Number of protein chains: 2
Amino acid sequence: MTKTNQPTILVINDDGITAPGIKALMETMKEIGRVVVVAPDSPQSGMGHAITIGKPLRLDKVDLYEGMEMYRCSGTPVDCVKLAVNVVLKGQKPDLCVSGINHGLNNSINVLYSGTMSAAVEGAIEGIPSIGFSLDDYTLQADFSHCLKFVKSIALEVLANNLPPATLLNVNFPNIKHIKGIKVCRQAAAKWAEEFDERMDPHKRPYYWLTGVFQMNDQGEDTDVHALEHGYASVVPVQFDMTAHHAIPLLNGWKWSEPGF
Amino acid sequence: MTKTNQPTILVINDDGITAPGIKALMETMKEIGRVVVVAPDSPQSGMGHAITIGKPLRLDKVDLYEGMEMYRCSGTPVDCVKLAVNVVLKGQKPDLCVSGINHGLNNSINVLYSGTMSAAVEGAIEGIPSIGFSLDDYTLQADFSHCLKFVKSIALEVLANNLPPATLLNVNFPNIKHIKGIKVCRQAAAKWAEEFDERMDPHKRPYYWLTGVFQMNDQGEDTDVHALEHGYASVVPVQFDMTAHHAIPLLNGWKWSEPGF
């Protein structure tokens, strides 16, 4: 916290700095503290945890909304977090890092593909209490108003309590006027069943659009998918230790040294 | 497996289809089964779990090395896996998905940033036994020869045994001639301490190169970093359920419904 006890809140997204979702988020955070926005200059949905290493990054201060400290970045959502902490805030850690509000759900397996969630993961790696917010409406016309009291209360909860070490929150909202409440959940087991749309360009060369159908493989009642389907906002604690710890004893039983040696 | 009992092996990477690392990997896999290569047409290091949704993808058969079935893709490593399974193999799952051999380590927190590892994660999401391989040599002149007997034996182990459900392997090799053996490990807790290199372009506008220093925060002797430092190849079982399950009881104790309601 700063001397005035006003928290500094870093706001990021993956839909780009002009998306309505980040405007709703920054305005809500403004009620809580000092807001610094560092967001991609173009849509970065599906960028996952990508970082930019093969080319340099641009970072420019922009004057988009009155009274908002905002920077647009040419890189990915994760680049934005790194530039925010190291260049914009000059190494001073913000008290909170919030990402979104995403136009579209980031529940279940989407946590891996989502630039919104990867920005929040990066915030947590940097040791900043971090939250990703997403709404089940993929349009640019999405109405976030019914989510904002939840967004504010969850941010205040995270500022008041300590998240467990190396843990962040993945918050998703159903697209209904009266959200029933908040459920703490686990990530539902699911995958995207891809369907590539093959087309021909004017030069008779094929190209492919990635499309897919969300395929649930999880009947659990403690998942984020279940909570959202039943009208609740889902809160999944997320970690970035990807070790399958339970598999270590099994793998230790394998005959690793035999075939090739 | 096919009727002839020869496994079909999908080979991916993130350094691009012309990298020496993928050539070493495909040649080693050729000793085991039918090899299908689908790799990015340009370097995709640091692409993490990015997918391409805002523009279409190109996929072209190429004749790079004699007797190799190879396709180059304009997308990310994860796109390559999706196109391989759905378009190249027409929905038929390969028996094994191997990614790499990466020019550079993907141990510890690098599992999140690495296109090589994200391709293997995507393979596992698709239900394919998957392994990512990486060598501690970032140059294009890297010599992979001392790793190949390990690569082959690990691939054979995975084909012979079943990996636990929703689990893949992250294998890293030290850059020493005589690797001592294989250690099953957990992902070391670490992060990159960024140092952005700010420069001026000829038009007097600043730009930034992302650089960083790997910062270990883990003294454990059961980590991948420890194994590599002591001359062993590290094998970390990786999962894509990112839920911090241990945090759920704590979060259930928070007063979620109070501040905003």
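Note that the coordinates shown come from a computational prediction; the quantities given were computed from them, not determined experimentally.

Rules used throughout
- Residues numbered from 1 in each chain as written.
- Chains lettered and ligands numbered in written order.
- Predicted model: local features only at pLDDT ≥ 70, side-chain atom pairs only at ≥ 80, totals over all residues.
- Heavy atoms only, no water.
- Helix = DSSP H or I, 4+ residues; strand = E, 2+ residues; numbered from the N terminus.
- Rg over C-alpha atoms; globule rule 2.2 N^0.38 Å.
- Buried < 20%, exposed > 50% of the residue type's maximum accessible area, 1.4 Å probe, protein only.
- Contact = heavy atoms within 4.5 Å.
- Areas by Shrake-Rupley, 256 points an atom, 1.4 Å probe, with all protein chains shown as cover.
- Lys, Arg positive; Asp, Glu negative; His and termini not counted.
- Charge placed at Lys NZ, Arg CZ, Asp CG, Glu CD.
- Pairing = 2+ DSSP bridges.
- Axes fitted to C-alpha atoms, helices over the stretch in contact; angles between N-to-C directions.
- Polar contact = N/O pair within 3.5 Å; in protein donor to acceptor, adjacent residues only side chain to side chain.
- Salt bridge = Lys/Arg side-chain N within 4 Å of Asp/Glu carboxyl O.
- Nonpolar A, V, L, I, M, F, W, Y, C, P; charged D, E, K, R; others polar.
- Phe/Tyr/Trp six-rings, centres within 6.5 Å; stacked < 30°, edge-to-face > 60°.
- Parallel < 35°, antiparallel > 145°, perpendicular 65-115°, else oblique.
- Left-handed = near helix turned anticlockwise from the far one by under 90°.
- Least-squares fit on C-alpha atoms with pLDDT ≥ 70 in both.

Caption draft 1: Here's a closer look at the overall build of chain A. The secondary structure content of chain A amounts to seven helices and eleven strands. Taking 18 Å as the expected radius of gyration for a compact globule of 261 residues, we find that chain A reaches 20 Å, a close match to that expectation. For chain A, the spread of C-alpha atoms along the three principal axes comes to 65 × 55 × 45 Å. Within the span of chain A, comprising 261 residues, buried residues form 62% of the whole. Looking at chain A alone, contacts between residues at least 24 apart form 75% of all its contacts between residues at least 6 apart. Carbon together with sulfur atoms contributes 51% to the accessible area of chain A, which is approximately 10500 Å² in total. Taking the average place of the 22 positive charges on the side chains of chain A and the average place of its 29 negative ones, the gap between the two points comes to 5 Å.

Caption draft 2: Layout of the sheet that holds strand E4 (residues 69–73) of chain B. Residues and elements named next belong to chain B. In space, the nine strands of this open sheet follow the order E3-E4-E2-E1-E5-E6-E7-E11-E8, with mixed pairing throughout. In the strand order of this sheet, the two ends are held by strand E3 (59–62) and strand E8 (182–184), each with one partner. Strand-to-strand twist across the sheet, computed as the mean angle between neighbouring axes with direction ignored, equals 25 degrees. Where strand E6 (residues 130–135) meets strand E7 (residues 167–173), five bridges bridge the pair, whose relative direction is parallel. Residue pairing for E7: Ser134 is matched across the bridge by Asn172. The strands touched by helix H2 (residues 77–88) are strand E1 (8–12), strand E2 (34–40), E3 and E4; relative to E2, the strand with the most contacts, the crossing angle is about 135 degrees. Across the face of the sheet, helix H4 (residues 115–125) comes into contact with E1, strand E5 (96–103), E6, E7 and strand E11 (233–239) while running at roughly 170 degrees to E6.

Caption draft 3: Highlighting the side chain of B:Glu194. Looking at where B:Glu194 falls in the secondary structure, it is placed in strand E9 (residues 190–200). A distance of 3.4 Å separates polar atoms of two side chains, one belonging to B:Glu194 and the other to A:Asn86. Setting aside residues up to four positions removed in sequence, B:Glu194 forms contacts with A:Lys82, A:Asn86, A:Glu122, A:Glu126, B:Leu210, B:Thr211 and B:Gly212.

Caption draft 4: Broad picture of the interface of chain A and chain B. Listed per partner, the contact involves 82 residues of chain A and 82 residues of chain B. At the surface where chain A touches chain B, the tally comes to eight salt bridges. Between B:Glu194 and A:Lys82 there is a salt bridge; the shortest N-O distance is 2.2 Å. At the boundary of chain A with chain B, the tally comes to 29 residue pairs in polar contact (both at pLDDT 80 or more). For the side of chain A that touches chain B, the leading source of residues is helix H5 (residues 148–160) of chain A, giving seven residues. A per-class count over the side of chain A that touches chain B returns 48 nonpolar, 18 polar and 16 charged.

Caption draft 5: Structural detail: the packing of aromatic side chains. This structure, assessed with the given rule, holds eight aromatic pairs over all chains. Between B:Trp192 and B:Phe214 the ring centres are 5.4 Å apart and the planes differ by 65 degrees, which places this aromatic pair in the edge-to-face class. With a gap of 22 residues between them, B:Trp192 in strand E9 and B:Phe214 in strand E10 (residues 206–216) connect regions that are remote in the sequence. The exposure class assigned to B:Trp192 is partly exposed, which follows from its relative accessible area of 26%. Ring-pair connections join several aromatic residues into one group, and the members of that group are A:Phe133, A:Phe150 and A:Phe173.

Caption draft 6: Fine view of the packing of helix H1 (residues 20–30) of chain B against helix H5 (residues 148–160) of chain B. Residues and elements named next belong to chain B. Two elements in contact, H1 and H5, have axes whose closest approach is 10 Å; the angle formed by their N-to-C orientations is 50 degrees. Of the possible angle classes, the one that applies to H1 and H5 is oblique. You can see that H1 and H5 cross each other, and the crossing is right-handed. In this structure, H1 contributes Ala24, Leu25, Thr28 and Met29 to the contact, and H5 contributes Leu148, Val151, Lys152 and Ala155. Residue composition of the contact of H1 with H5, by class: six nonpolar, one polar and one charged.

Caption draft 7: Representation of the relation of the copies chain A and chain B within the structure. When chain A is brought onto chain B, the operation consists of a screw motion whose angular component is 180 degrees and whose axial shift is 0.0 Å, with 0.0 Å RMSD remaining. Here the transformation between the copies is reduced to the relation of a two-fold axis. By residue overlap, the copies meet face to face through one surface: 100% of the interface positions of chain A are interface positions in chain B.

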